Amino acid sequence: MRTDATATIHAQLIAALERRAAALDGEARRALEARLAELRAAPTEAPDTTAATSPAGPLRELLDHLADGTCADRAAYPDIPALADFRQLWSTLRAESQLQQSVAHVPTDAGPLNSTALASRAIALMRELSPAYLRSFLAYVDELSWLDNLGSVGAAATAGAPATRKRARRKP
């Protein structure tokens, strides 16, 4: 049987495709209607996720290689002490660079509640009080920014239509 989460996702997928099909005409609509018919007729059991049913290819080979445990052996890749030093140096340089960027973008006439000025002051205080925490915090913010960019790129790709600009109105 499908789990509740899988059934919910399945139902949401069907609903989203129905909304998209309602806005389309012609061949695109017929293709979506065919896909909807397949989804509605899908079995109520969870799909089999064994390797035997997965298509062969480079990704399957990589997954099989990772699953057999030979890549998981950390002894084959010993930790290099210089690498830890390099990571520390890179982290410090990155934190300094980001601090300089945040200070450079603070307006000179910013009020006491200006969010840019507040964030810049908070980062400067973190730098003074706990440089290690600042490095961890900035690494976390970098990861969140990367994920946000990834999500916006994915959303733009799934939209299927290029973004259009509004035309500027002519003044009489």
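Below: a short report on this structure. Here the residue numbers are simple positions, counted from 1 along each chain's written sequence. Per-residue local features of the predicted model are confined to residues with pLDDT of at least 70, and side-chain atom pairs are confined, for both listing and counting, to 80 or more; whole-chain, interface and lining totals are unaffected and use all residues. Side-chain calculation: all heavy atoms of the structure are included, whereas hydrogens and water are not.

1. Quick word on the pattern of salt bridges
We count a salt bridge whenever a side-chain nitrogen from Lys or Arg sits within 4 Å of a carboxyl oxygen from Asp or Glu. Per the counting criterion, the structure on display carries six salt bridges. With a closest N to O distance of 3.3 Å, Glu-27 and Arg-30 form a salt bridge. Taken together, the residues Glu-27 and Arg-30, both in helix H2 (residues 26-40) and three residues apart, mark about one turn of the helix. Across this residue pair, the class does not change: Glu-27 and Arg-30 are exposed. Here Asp-142 makes a salt bridge to Arg-94, at a shortest N to O gap of 3.2 Å. Of the two residues, Asp-142 sits in helix H6 (residues 131-159) while Arg-94 sits in helix H4 (residues 81-104), which places them 48 residues apart along the sequence. Any residue under 20% of the maximum accessible area for its type is buried, any over 50% is exposed, and the rest in between are partly exposed; the area is computed with a 1.4 Å probe on protein chains only. Using a relative accessible area of 33% as the deciding quantity, one classes Arg-94 as partly exposed. The way it works is that DSSP assigns letters per residue, a run of H or I at least four long becomes a helix, a run of E at least two long becomes a strand, and they are numbered from the N terminus.

2. Structural notes on the packing of aromatic side chains
In summary, the pairing rule links any two rings of Phe, Tyr or Trp, Trp by its six-membered ring, whose centres are within 6.5 Å, and it sorts them by plane angle into stacked for under 30 degrees, edge-to-face for over 60 and tilted for everything else. In the structure shown here, the tally under the stated rule is one aromatic pair. Seen in terms of ring centroids, Tyr-133 and Phe-137 are 6.4 Å apart; in terms of plane orientation they differ by 20 degrees. Their pairing is stacked. Highlighted residues: Tyr-133 and Phe-137, both in helix H6, separated by four residues, approximately one helical turn.

3. Considerations on helix H1 (residues 4-22)
Helix span is expected to be 1.5 Å times the residue number reduced by one. Here H1 is 19 residues long and its end C-alpha atoms lie 27 Å apart, about the 27 Å a rise of 1.5 Å per residue gives. Those residues of H1 that sit buried are His-10, Ile-14, Leu-17 and Ala-21. On an axial view of H1, the arc spanned by its buried residues comes to 65 degrees, and they lie on one face. Exposed side chains of H1 directed beyond 90 degrees from the buried face belong to Asp-4, Ile-9, Gln-12, Arg-19 and Ala-22. Considering only its buried residues, H1 is in contact with H2. Within this analysis, the arc is defined by the directions that extend from the helix axis to the C-beta atoms. Here a residue-residue contact requires only that any non-hydrogen atoms of the pair lie within 4.5 Å.

4. Some remarks on a nonpolar patch on the surface
Patches here: salt-bridge-free residues with over 30% relative accessible area, like charges joined within 9 Å, nonpolar side chains (Val, Leu, Ile, Met, Phe, Trp, Tyr) joined within 5 Å. Note on areas: Shrake-Rupley with a 1.4 Å probe; residue coverage comes only from the protein chains shown. A surface patch of nonpolar side chains, amounting to about 610 Å² of accessible area, comprises Tyr-140, Val-141, Leu-144, Trp-146, Leu-147 and Leu-150. Locating Val-141 in the fold gives a position in helix H6. Residue class for Val-141 comes out partly exposed when judged on its relative accessible area of 35%.

5. What about the packing of H4 against helix H5 (residues 115-129)?
Where H4 meets H5, the closest approach of the two axes is 9 Å, and the angle between their N-to-C directions is 150 degrees. Regarding H4 and H5, the two cross each other, and that crossing is left-handed. Note on element contacts: H5 touches H4 through Ser-120, Ile-123, Ala-124 and Arg-127, opposite Glu-96, Leu-99, Ser-102 and Val-103. Think of it as three bins: nonpolar holds Ala, Val, Leu, Ile, Met, Phe, Trp, Tyr, Cys and Pro, charged holds Asp, Glu, Lys and Arg, and polar takes everything else, Gly as well. Taken together, the residues of the contact of H4 with H5 break down into four nonpolar, two polar and two charged. Angles here are taken between N-to-C directions and fall from 0 to 180 degrees, while the axes themselves are lines fitted to C-alpha atoms, restricted in helices to the stretch in contact. Note on convention: near helix rotated counterclockwise from far helix by under a right angle means a left-handed crossing. Clockwise means right-handed.

6. Some words on the packing of H1 against H2
Closest axis-to-axis distance for the H1/H2 pair is 9 Å, and the angle between their directions is 160 degrees. The orientation of H1 with respect to H2, classified from their angle, is roughly antiparallel. Viewed along their axes, H1 and H2 form a crossing whose handedness is left-handed. Of H2, the residues touching H1 (which contributes His-10, Leu-13, Ile-14, Leu-17, Glu-18, Arg-20, Ala-21 and Ala-22) are Arg-29, Leu-32, Glu-33, Arg-35, Leu-36, Leu-39 and Arg-40. Partitioned by chemical class, the residues of the contact of H1 with H2 number eight nonpolar, one polar and six charged. Any angle between 65 and 115 degrees counts as roughly perpendicular, while under 35 counts as roughly parallel, over 145 as roughly antiparallel, and the rest as oblique.

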